[in-house]
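Chains, contacts and geometry: an overview
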Amino acid sequence: MTLRLITFPISHFCEKARWALDRARLDYREEGHLPLFQIAAVRRAGGKRQVPVLALPEGGGIPDSTPILHYIDTLVAPALRLFPEEPAQRREVEALEERFDKTLGPAARRVVYLHLLREPVLLNRYLVHGLPAWQRAIFPAYRPLLSRLIRRGLRVTEEAAARDEEKLRVLFAEIGERLADGRRYLVGDRFTAADLTFAALGAPLLGPAQYGVPLPTLAEMPPRLREKIEGYRATAAGKFLLRLYAEERGTAALRAVPPSGG
Ligand SMILES: N[C@@H](CCC(=O)N[C@@H](CS)C(=O)NCC(=O)O)C(=O)O
């Protein structure tokens, strides 16, 4: 019996939880689903319908990426914790995480879906990683319905995406200013939940090579989306995000740290 992370594998909120689990080097199994097919597993683990949910070996589970990160912190050595002990720093990390959850996550998702939902070949290729074989097999037939569900559920329109891009421009500029003093992390002098959340939730806009499941390459992207991604990659915040993925998403950086205990 082990931890089970119930996901849509491609989802950046799921990537946030998966990164935290990988970083903690906890023994877990990812259980990927297509939208709608997750509901029974999510309910069994105590959630409503959204993923990620971390199902616990003793029964029940933890819905929502933020409580999942807090739970993981209770299982790891202090050096690996994502939330600082020091109260002011902790509050700052929690406030940034909340802001990224509320603003960055939904905006990045809508901007990318606006372009990708028009690309059946890319959807067939990239939305199937990490799914059980039967869900992969039905994907091409399910895709048109899924595209309609996503478009309607997330209100994916040109107008909404344009408003999101403006929010993202402001947020990326703000993060760039914060980093202008040469700091390596958003809060304090080490990697925290603020960095992880910024990187995971912004990842669809940057396409980092180390994302937990394969993402379309720049060459495969439709031209308008490619142009946007190149724009984000050129910003200070975008470069920071790609550095976090390159340096922190693998396990190499963590090898010096004991997996548990003091
Ligand atoms: N606040 C949640 C947001 C998670 C979220 O938006 N999940 C989406 C996928 S990216 C979802 O499960 N959507 C399915 C639904 O709402 O039915 C978290 O941080 O975990």
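Residues numbered from 1 in each chain as written. Predicted model: local features only at pLDDT ≥ 70, side-chain atom pairs only at ≥ 80, totals over all residues. Heavy atoms only, no water.

1. So, unusual backbone geometry
Peptide bonds are, in most cases, trans, and in most cases residues other than glycine have a negative phi. Filter applied, for reference: Starting at the N terminus, helices and strands are each numbered in turn, a helix being any DSSP run of H or I of at least four residues and a strand any DSSP run of E of at least two.
Put simply, Val 51 and Pro 52 share a cis peptide bond, and its omega is 5 degrees. Position of Pro 52 among the secondary structure elements: in the loop between α2 (39-44) and β3 (53-55). Not every positive phi belongs to a glycine, and Arg 155 is a case in point at roughly 50 degrees. Tracing the chain through its elements places Arg 155 in the loop between α6 (133-153) and α7 (158-179).

2. Description of the domain arrangement of the protein
In many analyses, interface size is given as the accessible surface area lost on bringing the parts together. Formally: Where each domain begins and ends is defined by an automated method or by a domain database. Working rule for contacts: check all heavy atoms of both residues, and any pair within 4.5 Å makes them a contact. Buried surface area refers to the total accessible area, computed with a probe of radius 1.4 Å, that the two partners give up upon joining, counted for both partners together. Take a side-chain nitrogen of Lys or Arg and a carboxyl oxygen of Asp or Glu: if they are within 4 Å of each other, that pair is a salt bridge.
Taken domain by domain, the protein consists of domain 1 (3-80) and domain 2 (87-252). In this structure, domain 1 and domain 2 have C-alpha centres spaced 18 Å apart. Of the residues lining the interface, 24 residues belong to domain 1; the matching set on domain 2 comes to 40 residues. In total, about 2600 Å² of surface goes out of reach between domain 1 and domain 2, with carbon and sulfur atoms giving 64% of it. Among the residues of domain 1 in contact with domain 2, Ile 10, His 12 and Trp 19 are the three that bury the most area, contributing 30% of the side total. At the junction of domain 1 with domain 2, the criterion picks out 5 salt bridges. Among the salt bridges present, the one from Arg 249 reaches Glu 15, with a minimum N-O distance of 2.9 Å. Among the elements that take part in the side of domain 1 that touches domain 2, helix α1 (residues 12-24) stands out by supplying 9 residues, more than any other.

3. Brief notes about the nonpolar core
Put simply, the test is: The nonpolar core is taken to be a set of buried Ala, Val, Leu, Ile, Met, Phe, Trp, Tyr and Cys residues, with the residues joined through side-chain atoms within 4.5 Å. The buried label applies to any residue whose accessible area, calculated with a 1.4 Å probe on protein chains only, is under 20% of its type's maximum; exposed applies above 50%, and partly exposed to all values in between.
Counting 74 residues, the largest nonpolar core has Phe 100, Leu 104, Phe 172, Ile 175, Leu 186, Phe 198 and Leu 205 as the members making the most contacts within it. No other element matches the 11 residues that helix α4 (residues 87-116) contributes to this core. Mapping this core onto the domain boundaries places at least three of its residues in each of domain 1 (3-80) and domain 2 (87-252). The next biggest cluster of nonpolar side chains, apart from the first, holds 9 residues, and it includes Ile 6, Phe 8, Val 42 and Val 53.

4. Thoughts on the packing of aromatic side chains
Which entries qualify depends on this criterion: Here a Phe, Tyr or Trp ring, Trp counted by its six-membered ring, pairs with any other such ring whose centre lies within 6.5 Å, and the pair is stacked when the planes are under 30 degrees apart, edge-to-face when over 60, and tilted otherwise. Sitting over a ring, as applied to charges here, requires NZ of Lys or CZ of Arg to be within 6 Å of the ring centre and within 35 degrees of the ring normal.
Taken as a whole and judged by the stated rule, the model has 10 aromatic pairs. Among the aromatic residues, those joined into a ring-pair cluster are Trp 19, Tyr 185, Phe 191, Tyr 211 and Tyr 245. In this structure, Arg 18 is placed above the aromatic ring of Tyr 211, and the distance from its NZ or CZ to the ring centre is 6.0 Å. The ring centre of Tyr 185 lies 5.8 Å from the NZ or CZ of Arg 243, which sits over that ring.

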